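# Overview (structure and organization)
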Amino acid sequence: MSDQLDQHDQLEDDKLDVFDKLHEECGVFAVYGHPEAANLAYLGLYALQHRGQESAGIASSDGRATYLHRGMGHVADLFTPEVLGRLPGDHAIGHTRYSTAGDSQVLNAQPLSVECNKGRISVAHNGNITNAAEIRRELEYDGSIFQTSSDTEVILHLVARSRERTLAGALREALLQLEGAFSLVFLAGDRILIARDPNGFRPLAMGQLEVSGRKVSTVFASETCAFDLIGAVYLGDVEPGEMVIVGPEGVTRERYAPKRDHAHCVFEHVYFSRPDSIVFGRSVQESREMQGRMLARECPADADIVVPLPDSGVPAALGYASESGLPFKQALIRNHYVGRTFIEPSQAIRDFGVKLKLNPVRHLLEGKRVVLVDDSIVRGTTSRKIVRMVRNAGAKEVHVRISCPPTVSPCFYGVDTPSVGELIAANSTLEEIRRFIEADSLGYLSLGALSQSVADDRDHHYCYACYTGNYPTELINIQELMSNRERH
Ligand code: AMP
């Protein structure tokens, strides 16, 4: 087993480029009817930076022309006052994205923008279109030429080729051909169009912002934390299977697809979203604290202190501490000026990364039996490094508690997970994982408790595929999706 696990470490070294373009983690933003549209998009993206740090972009329109700026890097570095000054107009869309290594990265940065028979259209996408490869093959067979390797580009081709005369009609037709996860924001000459897949995998919130007097501006964002920064009011979500058009005539909402069971990504509530956001109509902080409380009930530990792995483990650790009565201690300090190591594309940086990112408070850990709370174990290598770090800082025992069930299946709906071979829980027993991460004990939250903590009910179903392997949509090209991952 340990050979296998060491090999797993080696795999991690060798296959860092494993993250392919099919699995994008992103944030999207859109605004209509505000004289400072690009500035608002900038602020919105700034608040969504945690959803992707590799590239970002904003497209704006003043009704006459479209202005676009995108590039590699963080939002605050890319958008200087001069750049924002070159993005006039009162509607805009924005995107922040994690993408793969390679020369063509900037080509894949979004928004994508094309001139076609429906005028100039720009698009930003969060999610993953699972039948993109098939659609692309057919389109290429018919002579289409693609400029990027992003699944998002197929949408633009479908819109351009549609015989429908209006953009909304063409978009409706295009959306009905897509499978998988998509929260989309489009920018056209005089309007923005917003759409969400019928399962509602990825979040997409709608809000309103007062401009001046009685005028209001409509805004959309992956998470409501973007609204807080710009002072917008959260109105609710774009519904799964819904298309919203905001133009000179006002706001039009329509259902473009038949109703399907909802499959909201539960990982948004476990890890991905910010705790100060309302996601799928529920407070992320509330879900995470509840996960911690239920974890304390299901997996108690004979220990002295509860320590979170910052930042993602903090709310669950607070819940664990209050339920167990054990004191909560911030015994791992995070340096906030380092990117998340998980998504850094170079191994040299990643290995070093854990130490760069976290440092133990020896004074709090010395001689203590520690409950270490984290949100998830993917490959297991982070946990192992942290457990070692906590022990080296003097902890007597380290009990690892994870606020979700074991991650056993890759995500095809927009969360970056490695292939099955690299998911430690897909290939090892609980005891083997415990030994690998060198913990004194290990406990995961049960699926039932997770679904309770995110308030899963008849109207709001979640997708748990990463914990169960039950994918809520047919993955027609699953072989291709899998082998794509292996090739990288
Ligand atoms: P690992 O070393 O592969 O087990 O990584 C686990 C760590 O990565 C946990 O601390 C998580 O907070 C974090 N993590 C889990 N999933 C993701 C993801 N999709 N993107 C970025 N970080 C993640």
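What this report covers is the structure whose coordinates are included nearby. It should be emphasised that the depicted structure is a prediction, and the values quoted were computed from it without experimental measurement. (Residues numbered from 1 in each chain as written. Predicted model: local features only at pLDDT ≥ 70, side-chain atom pairs only at ≥ 80, totals over all residues. Heavy atoms only, no water.)

Our next topic: the overall build of the protein. Along the protein, the regular secondary structure elements total 20 helices and 23 strands. Going through the 488 residues of the protein one by one, you find that 58% of them count as buried. For the protein, the exposed surface amounts to about 19,000 Å²; the carbon and sulfur share of it is 49%. (Helix = DSSP H or I, 4+ residues; strand = E, 2+ residues; numbered from the N terminus. Buried < 20%, exposed > 50% of the residue type's maximum accessible area, 1.4 Å probe, protein only. Areas by Shrake-Rupley, 256 points an atom, 1.4 Å probe, with all protein chains shown as cover.)

A word on the site of the ligand. Residues in contact with the ligand amount to 16 residues; listed here are only the nearest, D374, D375, R379, G380 and T382. In this structure, a nitrogen atom belonging to the ligand sits 3.0 Å away from a side-chain N or O atom of Y271. In this structure, an oxygen atom belonging to the ligand sits 2.5 Å away from a side-chain N or O atom of T382. Coverage of the ligand by the protein chains reaches 96% of its 510 Å² of free accessible surface. Looking at the shell around the ligand, the elements that each hand over two or more residues are α10 (266–272) and α15 (381–392). (Near = heavy atom within 4 Å. Polar contact = N/O pair within 3.5 Å; in protein donor to acceptor, adjacent residues only side chain to side chain.)

Turning our eyes to something else, we now look at the sheet that holds strand β1 (residues 26–32). Taken in spatial order, the seven strands make up an open sheet running β3-β2-β4-β1-β10-β9-β11, and their pairing is antiparallel. The open sheet has two free edges, formed respectively by β3 (66–72) and β11 (233–237), since each of these has just one partner strand. In this sheet, adjacent strand axes meet at a mean angle of 15° when their direction is disregarded. As defined by bridge partners, β1 adjoins strand β10 (residues 215–221) across four bridges and the pair is classed as antiparallel. (Pairing = 2+ DSSP bridges. Axes fitted to C-alpha atoms, helices over the stretch in contact; angles between N-to-C directions.)

Let us now look at the pattern of salt bridges. Inspection of the entire model under this criterion finds 24 salt bridges. Note that R202 is salt-bridged to E268, the shortest N-O span being 3.0 Å. Residue R202 is located in the loop between β8 (192–196) and β9 (205–212), and its partner E268 is located in helix α10; the two are separated by 66 residues in the primary sequence. Judged by its relative accessible area of 1%, R202 is buried. A relative accessible area of 0% places E268 in the buried class. One network of salt bridges, in which partners are shared, links R51, R202, E223 and E268. (Salt bridge = Lys/Arg side-chain N within 4 Å of Asp/Glu carboxyl O.)

To continue, consider the side chain of S183. When you line up the elements, S183 lands in strand β7 (residues 180–187). A distance of 3.2 Å separates a polar atom in the side chain of S183 from the backbone oxygen of R202.

Moving on, we get to helix α11 (residues 284–298). Here α11 spans 21 Å end to end across 15 residues, near enough to the 21 Å set by a 1.5 Å rise per residue. Between the side-chain oxygen at the start of α11 and the backbone nitrogen of Q285 there is a gap of 3.4 Å, and the oxygen is on S283. (Expected span 1.5 Å × (residues − 1).)

A word on the sheet that holds β8. Taken in spatial order, the six strands make up an open sheet running β5-β6-β7-β8-β12-β13, and their pairing is antiparallel. Here the strands that pair on one side only, and so sit at the sheet edges, are β5 (112–116) and β13 (250–255). Within the sheet, the average angular offset between the axes of one strand and its neighbour, ignoring direction, is 20°. Of the pairings in the sheet, the one linking β8 to strand β12 (residues 242–247) comprises four bridges and is antiparallel in character.

Mapped onto the secondary structure, G57 falls in strand β2 (residues 55–61). In this view, G57 contacts L45, H69, R70, F79, I93, G94, H95, Q110 and P111; residues no more than four positions away in its chain are not counted. (Contact = heavy atoms within 4.5 Å.)

Here we come to the packing of aromatic side chains. For any two aromatic rings, the description comes down to two numbers: the centre-to-centre distance and the angle of the planes. Considering all chains together, one arrives at nine aromatic pairs under this definition. Between Y271 and F272, the ring centres sit 6.2 Å apart and the planes meet at 35°, which makes this aromatic pair tilted. Judged by its relative accessible area of 3%, F272 falls in the buried class. Look at F412 and Y471: their rings are 5.4 Å apart centre to centre, the planes differ by 55°, and that puts the pair in the tilted class. Here the residue F412 occupies a position in the loop between β21 (397–402) and α16 (424–427), and Y471 occupies one in the loop between α19 (465–468) and α20 (478–487), the gap between them amounting to 59 residues. Take Y471: its relative accessible area is 22%, and that puts it in the partly exposed class. (Phe/Tyr/Trp six-rings, centres within 6.5 Å; stacked < 30°, edge-to-face > 60°.)

Attention now moves to the packing of helix α7 (residues 153–161) against helix α8 (residues 167–175). The contact between α7 and α8 brings their axes to 8 Å, and the two run at 125°. Relative to α8, α7 is oriented oblique. Between α7 and α8 lies a crossing whose hand is right-handed. Within the contact between the two elements, α7 uses I155, L158 and V159 and α8 uses L167, A170, L171 and A174. Partitioned by chemical class, the residues of the contact of α7 with α8 number seven nonpolar, no polar and no charged. (Parallel < 35°, antiparallel > 145°, perpendicular 65-115°, else oblique. Left-handed = near helix turned anticlockwise from the far one by under 90°. Nonpolar A, V, L, I, M, F, W, Y, C, P; charged D, E, K, R; others polar.)

Following the criterion strictly, the structure yields zero disulfides and no others. You can see C404 has no disulfide; the closest cysteine sulfur is in C466, sitting 7.1 Å from it. When its relative accessible area of 0% is taken as the criterion, C404 is described as buried. (Disulfide = S-S within 2.5 Å.)

We now examine the pairing of β7. Most of β7 sits inside the fold, with eight of its eight residues counted as buried. Relative to β7, strand β6 (residues 119–129) runs antiparallel, the two being bridged by eight bridges. Each residue of the ladder has a partner; that of N126, found in β7, is S183. Direction of pairing for β7 relative to β8: antiparallel, over a ladder of five bridges. Note on β8: the bridge partner recorded for F186 is L193. The antiparallel hairpin formed by β7 and β8 contains four residues in its connecting segment.

The next thing to look at is unusual backbone geometry. The omega torsion of the bond from Q110 to P111 falls at 5°, within 30 degrees of zero and hence cis. Along the chain, P111 falls in the loop between α5 (105–108) and β5. Backbone geometry places F280, a non-glycine residue, at a positive phi of 55°. A relative accessible area of 4% places F280 in the buried class. At E438, a residue that is not glycine, the phi angle is positive and equals roughly 60°. Residue placement: E438 occurs in the loop between α17 (430–437) and β22 (441–444). Its relative accessible area of 29% is what places E438 among the partly exposed residues.

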